Structure formats: C-alpha cells, structure tokens
Amino acid sequence: MTALGVAAAVASGERTARSVAEDYLERISEGDGGIGAFNLVLAEQALADADRVDAALGRGEPVGPLAGVPVALKDNLCTRGIPTTCSSRMLEGWRPPYSATVVDRLRAVGAVIVGKTNLDEFAMGSSTENSAFGPTRNPHDTSRVPGGSSGGSAAAVAAGFAALALGSDTGGSIRQPAALCGVVGMKPTYGRVSRYGLVAFASSLDQIGPFGATVADAAACYEAIAGHDPLDSTSIDQPPEPVGDALTDGVEGLRVGVVAELCGGGRQEAHRNGTNGSPASGVEGVAGDVLSRVQDAAGALEQAGAEVRTVSVPSAVLGLSAYYLIAPAEASSNLARYDGVRYGLRVDAANAAEMNVNTRTAGFGAEVKRRIMLGTYALSAGYYDAFYGKALRARTLMLQEFAAVYEDVDVLLCPTAPTTAFELGAKTSDPLLMYLNDVCTIPSNLTGHPAISVPFGSGDDGLPVGVQVMGPALSERLIFRVAAALERTAPGDGSTP
C-alpha cells in the first residue's frame, strides 16, 4: 500500500494507525536482518504515536494528511532524546536535546516515526558501506549496494519497511540511492526545506528531501516538510507552491532538454540538434543500458506531448572536480567541532592535544578522514586560490550556464546514476571510482536547483534504473509534474523486490 493509501485507510477508519504500525514493525523485525536499513528501530515510540493518531480520530479531531503513515529518518537528523549517530563512532552516546524541524513537521501531520536509518558516515559516500555499523544491502539483490549516502532510507522504502523516508542530499545522496533501489527520491531547491537539526556535512550544499514508492507519495512528504523556518538562516522566506495537484497535468507543450554532457556526449551532439557551441566531452562512465532508459524516457515524454531536444551545459563536466574541493573544504570546517570535549566520543590522553588526536583517530572512519584532509589542504595557505578558489569559479560558471539553458527549456533530463547497483566491495578500494557515482547528480547541488529521480525500467542485469528530472530554482511543482508523467509511462518491470 502506498503512503497515501495508508493515510486514506487510517482517516476513513478502514485501518487503525496502530495496526499499520504493527505491520511495518513486523516487516522490519522479519526482514531487516538481511538488509541492514536501520540503525535504530523505535517500536515503542511508533506504537505510542500511532495510538495518539487513533485517539484523535476517535474524538473526531482533524488529523494531518500523513496520519498513521510510517516514516523512516536518516540517522543524521536530530531526534530529541533519541540517539543520532550519523553512523559514526564519533557521536557515540549522543542524544540531541532538540528535534530537526522536518521531524517536528512530520509529526505535526500525523506521521509515525519507525526508526533511524543507516548511512555512509557523516553522509560521506555513495554506497552506504562507510558506516560504523556495517553496510546496508540493496533489497533487489543483497549482494549489491543500495547507493548512498542515504542508502538506509532508500532501502527501507524499497523493502516495504517504511512507507516514506527522509534523507539528505549533498551531492546526490537522495537521488542516487533512490535510483539504485527503484524508488522515487527528490532534492528540493536549496533553502526550500529547513536544515535545522540536520548534522552538517557541507552547509552550502546540504538539503533534506523525501523518498517514496511513488511520485505522489514523495510529493505529499515534500509538502509536509517544505516551507520557511526562522531557525534556519538559509531558509527561503516565501511559501512553497503545492505540488500534489499538478501531478495529473501532463507535459503537453513543455520543453525538455536532454543534457548531452551528462549522457556521455558533448557539444557535437548538441550542435546536431540545433544548439551552438564547439565540441566538448561529456562525463565518463555512464553505462549503455542506463542511457537507453534515458532515451526511452525522453521518447515517452515526447509521445506525451512534450518538445524534447538535446542541450549542452559544458560546465556540467566540471561538477565532480569542483564538488570534491568545495564539499570537503566545508566538511573540514564543520567537523572541527568533534574534538572530544563537548559531546560524543572522547579518548583520554596525557594532554588536550593528544586527546583531540586520539579521539578523532578513533572516532572517524577512513572516508571521513580522507575528506577532512582533502578539505583542509584545499583551504590551506598557498593552495586556497589554486584549488578552492577555482572550484568556486567553476560553480559560478555552472550557475550561469544552467540559467542560460533554462531560458530555452523548462526542465532537463539525464541519468541519475551512471550504472545500476554495483556489488558490495567493488569500489571501496578506489575512492575516485566511487566518487564517479555522483557525476550526474552533483550539478544540482552546486547550483542549488531541485531535482528528482524516478524509476524507469531496468538495466541489462534486471536491476532498477533511475531517470533524473532537473529544474531551475523553485520549480518543484514542475519537476514533480514531469516525474509523474514519467511514472505513468515507465516500463512495468516490477520495481518492488
């Protein structure tokens, strides 16, 4: 049953919120041992929350649009009095004194929180293998990764352990695991959803967003969490447009651009399709079966009445390089607070300096240490202009080029992930190979624009493929509309494991 189906059944009295919660908790108990989606299952709290929903209904009181819907939270979202670990030893024993704004907003509309999900440590990774608690496995094939860093949330929805889930997306950490797990995952415009209570990785890139089994479910979750928050200084101070009522509008007359560079091609192809420019190469590593699904999706939109053309955004190929300077630089600053003094892990030593070194050595995993060192180096005297400064200029160029292309098209289409889910351990020894998994998703983080991944058929190995729809800032209503059109035309190969 979809999240909206659950909400309707609870609101009508067909189901009680408690019976729904019991069913989902039983699924988790029976199935999560082989998946590892959850760091913590909140069975007692979930049943208590469900009972409150049932009591409100019994008194004839209005309940929210997600009343009784089981939701999983990525374990970098603060939950008052409940452990929040970021899948790291560094936050061992920490119980936040407050909840994230998005958590409070979900509870305000009646959602039932069933647990905290696994992630790459401090959200740094693309496979959910960089966790102090062990990897999460893909429900479609447990020898494969679920993607990352929000792999636990994606796997929880794909396995039917939660009807909805929240993740965070810094370079693709919602959309890439959504693609690999065959669910819908959406990153809002930067500032559209409050980051208050999200443990920071890279503050100019981080954004919270929903996972759902359907576009309509993800839209309902987005509507519940979006909106201005005075507790977040980067929050957009204007009301968000509703998105759910646009899902049936179709795509007649919309202009859709297929990004040549993110499909492995360059300006030559764009030129053949009427776009000016000199030849330029595209990103590497996009598999042929994934490109075929993108082409199929473009064809489906064209059949539905959209005008589809190939467009060029040359700076898109710079995204990976710019991101892996900007994000680690911000991480090295944000993670300086974990010093063994204020909260979390502390490894004692003879003096404060040694204690700090020992604590960070023991508390951080290899990938987090790698990114801290890379970021610190990029910010160091003598290298700031050569590395970090150039990355910021590349980001500005990307903003300018995306703004220009959005004058000619309404939305953009490209792969979400360059391949289907790969085997556990296949890329852990080669960081660069792992980083390439984010090559198609990073541009939207650097620009701050919204994007959504929609399941669209499968690859040659039978595993899910996700197609990404990108739009300009504050175009959530539009990208949900296009995503819904894609969902209606997607091959019916069965994306539920």
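About the cut-offs
Residues numbered from 1 in each chain as written. Predicted model: local features only at pLDDT ≥ 70, side-chain atom pairs only at ≥ 80, totals over all residues. Heavy atoms only, no water. 1 Å grid on protein atoms, 1.4 Å probe; cavity = no way out; pocket = protein on both sides within 12 Å on 5 of 7 lines; lining within 4 Å. Points joined across faces, edges and corners; volume = space filled by probe spheres on them. Nonpolar A, V, L, I, M, F, W, Y, C, P; charged D, E, K, R; others polar. Pairing = 2+ DSSP bridges. Helix = DSSP H or I, 4+ residues; strand = E, 2+ residues; numbered from the N terminus. Axes fitted to C-alpha atoms, helices over the stretch in contact; angles between N-to-C directions. Contact = heavy atoms within 4.5 Å. Buried < 20%, exposed > 50% of the residue type's maximum accessible area, 1.4 Å probe, protein only. Lys, Arg positive; Asp, Glu negative; His and termini not counted. Salt bridge = Lys/Arg side-chain N within 4 Å of Asp/Glu carboxyl O. Polar contact = N/O pair within 3.5 Å; in protein donor to acceptor, adjacent residues only side chain to side chain. Domains from an automatic or database assignment. Buried area = accessible area lost by both parts, 1.4 Å probe.

**Student:** How should empty space enclosed by the protein be read in this particular structure?
**Tutor:** To find leftover empty space, one rolls a probe the size of a water molecule over the atoms. Counted under the stated rule, the structure contains 1 cavity of 30 Å³ or more. One number sums up the size of the largest cavity: a volume of about 50 Å³. In terms of lining residues, the largest cavity is bounded by Ala123, Met124, Gly125, Gly148, Gly171, Gly172, Ser173, Phe201, Tyr323, Tyr324, Arg371 and Asp438. A class-by-class count of the residues in the lining of the largest cavity yields 5 nonpolar, 5 polar and 2 charged.

**Student:** Even after reading the chapter, I still don't get the sheet that holds strand 5 (residues 184-187), so can you show me in this structure?
**Tutor:** Working definition: the strands of a sheet are paired by backbone hydrogen bonds and lie parallel or antiparallel to each other. Strand order across the open sheet formed by 11 strands is 1-3-2-4-6-5-10-11-9-7-8, with mixed pairing between neighbours. If you trace the sheet from one side to the other, it starts and ends with strand 1 (38-41) and strand 8 (307-311), each paired once. Put simply, the sheet's adjacent strands are angled 25° from each other on average, direction ignored. Relative to strand 11 (residues 464-470), strand 9 (residues 411-415) runs antiparallel, the two being bridged by 4 bridges. Pairing of Leu412 across the sheet is with Met470, part of strand 11. Here helix 4 (residues 101-108) sits on the sheet in contact with strand 2 (70-74), strand 3 (112-117), strand 4 (164-168) and strand 6 (208-212), set at roughly 180° to strand 2.

**Student:** Teacher, can you tell me more about the side chain of Asp120 here?
**Tutor:** For Asp120, the location among the structural elements is in the loop between strand 3 and helix 5 (151-158). This buried residue, Asp120, is left without a salt bridge; Arg371 holds the nearest opposite charge, at 7.2 Å. Polar contacts involving the side chain of Asp120 include one to the main-chain amide nitrogen of Thr128, which spans 2.8 Å. Apart from the residues within four sequence positions on either side, Asp120 is in contact with Cys86, Gly125, Ser126, Ser127, Thr128, Glu129, Asn130, Gly148 and Ser149.

**Student:** What is the right way to read unusual backbone geometry from this model?
**Tutor:** Glycine aside, negative phi is the norm for most residues, and most peptide bonds take the trans geometry. With an omega of 5°, the peptide bond between Gly148 and Ser149 qualifies as cis. Locating Ser149 in the fold gives a position in the loop between strand 3 and helix 5. We note that Ala123 has phi near 65°; this positive angle belongs to a residue other than glycine. Here Ala123 is to be found in the loop between strand 3 and helix 5. Overall, the relative accessible area of 5% leaves Ala123 in the buried class. Of note, Thr128 is a non-glycine position whose phi angle comes to about 55°, a positive value. In this fold, Thr128 is placed in the loop between strand 3 and helix 5.

**Student:** I keep staring at the domain arrangement of the protein and nothing clicks. Help me out?
**Tutor:** A common way to express how large an interface is: the accessible area buried when the components associate. In terms of domains, the protein is made up of domain 1 (3-246), domain 2 (255-316 + 396-489) and domain 3 (324-385). For domain 2 versus domain 3, the distance between C-alpha centres works out to 34 Å. On the domain 3 side, the residues contacting the 5 residues of domain 2 number 5 residues. Counting the surface lost from both domain 2 and domain 3, the interface buries some 400 Å², and carbon and sulfur atoms represent 66% of this. On the domain 2 side of the contact with domain 3, Pro431, Tyr435 and Leu446 bury the most area, a combined 82% of that side's loss. Along the contact surface separating domain 2 from domain 3 lie 0 salt bridges. Summed over the shared surface of domain 2 and domain 3, the result is 2 residue pairs in polar contact (both at pLDDT 80 or more). Residue assignment for the side of domain 2 that touches domain 3 shows that the elements contributing at least two residues are helix 14 (431-435) and helix 15 (442-447). Split by residue class, the side of domain 2 that touches domain 3 holds 4 nonpolar, no polar and 1 charged.

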